[in-house]
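Coordinates in review
In case you want the letters, here they are:
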Amino acid sequence: MNHEPKVILLCGKIASGKTHYAAALREREKAVILSCDALTFALFDGNLGDAHDTMSKRIWQYLYARSLDLLAVGVSVILDWGFWTKADRMAACAFYKSHGIPCELHYVDTPTDVHRQFLAERNRAVQAGKTAESYYVDEGLLEKCEAAFEIPEPDEIDVRYENCPS
């Protein structure tokens, strides 16, 4: 079965379920997941402090280059980065379009009550040492992240995944 490789950008708030969605999508799309958080934890144990924003940009640049390598050999790529701002989403789409690569935006839309539940579960797992690639999200970090998140406009979204587990 031949298919044209593509890029899937995962957009959603912190702890909205993007990584779980990415894992299911990986199987369906036969794609590789590139995660900024996974690389940050592998290299820095998640402890970047004040350097977080600067290093995240550098990691994104590195992963953009690796994604082109994968796409060149026919492998689709899922970018599990959040794409919180419209500017980031537009820049990513423009980058791939400039290389002739199809790009989709999948928005993981999680209701507020479910999102809060996910955050609480994540924080409990982090405190119990049960997760190697997540960090604790306190109220200050949550406020910062929510203030930075721009809900995508309907015309940006190719797939809306409504994360409402039963």
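For the structure given in this document, a descriptive report is provided here. (Residues numbered from 1 in each chain as written. Predicted model: local features only at pLDDT ≥ 70, side-chain atom pairs only at ≥ 80, totals over all residues. Heavy atoms only, no water.)

**Looking at the packing of aromatic side chains**
- For the structure shown, the criterion picks out 9 aromatic pairs.
- Ring centres 5.1 Å apart and planes at 75 degrees place the aromatic pair Tyr64 and Trp81 in the edge-to-face group. Of this pair, Tyr64 sits in helix H3 (residues 52–72) while Trp81 is found in strand S3 (residues 76–82), placing the two residues 17 residues apart along the sequence.
- Looking at Tyr64, the relative accessible area reads 13%, which means it is buried.
- The class of Trp81 is buried, set by a relative accessible area of 10%.
- Where Tyr107 meets Phe149, the ring centres are 6.4 Å apart and the plane angle is 20 degrees; that geometry is what we call stacked. In this pair, Tyr107 sits in strand S4 (residues 103–109) while Phe149 sits in the loop between helix H6 (139–148) and strand S5 (159–162), placing the two residues 42 residues apart along the sequence.
- On the basis of relative accessibility, which here comes to 5%, the residue Tyr107 falls in the buried class.
- Three or more aromatic residues joined by ring pairs make a cluster, and in this case those are Trp60, Tyr64, Trp81, Phe83, Phe95 and Tyr96. (Phe/Tyr/Trp six-rings, centres within 6.5 Å; stacked < 30°, edge-to-face > 60°. Helix = DSSP H or I, 4+ residues; strand = E, 2+ residues; numbered from the N terminus. Buried < 20%, exposed > 50% of the residue type's maximum accessible area, 1.4 Å probe, protein only.)

**Notes on the packing of helix H5 (residues 112–127) against H6**
- It is at 13 Å that the axes of H5 and H6 come closest, and there the two elements cross at 135 degrees. With respect to H6, the axis of H5 lies oblique. The element H5 and its partner H6 pack so that their crossing is right-handed. Of H6, the residues touching H5 (which contributes His115, Arg116 and Leu119) are Glu139, Leu142 and Glu146.
- In terms of residue class, the contact of H5 with H6 is made up of 2 nonpolar, 1 polar and 3 charged. (Axes fitted to C-alpha atoms, helices over the stretch in contact; angles between N-to-C directions. Parallel < 35°, antiparallel > 145°, perpendicular 65-115°, else oblique. Left-handed = near helix turned anticlockwise from the far one by under 90°. Contact = heavy atoms within 4.5 Å. Nonpolar A, V, L, I, M, F, W, Y, C, P; charged D, E, K, R; others polar.)

**Focus: the environment of Ser98**
- Structurally, the position occupied by Ser98 is in helix H4 (residues 86–98).
- Classification of Ser98 by relative accessible area gives exposed; the value is 59%.
- Within the structure, Ser98 has its side chain in polar contact with the backbone oxygen of Phe95 (distance 2.6 Å).
- A polar contact is formed between the side chain of Ser98 and the side chain of His99, at a distance of 3.3 Å. (Polar contact = N/O pair within 3.5 Å; in protein donor to acceptor, adjacent residues only side chain to side chain.)

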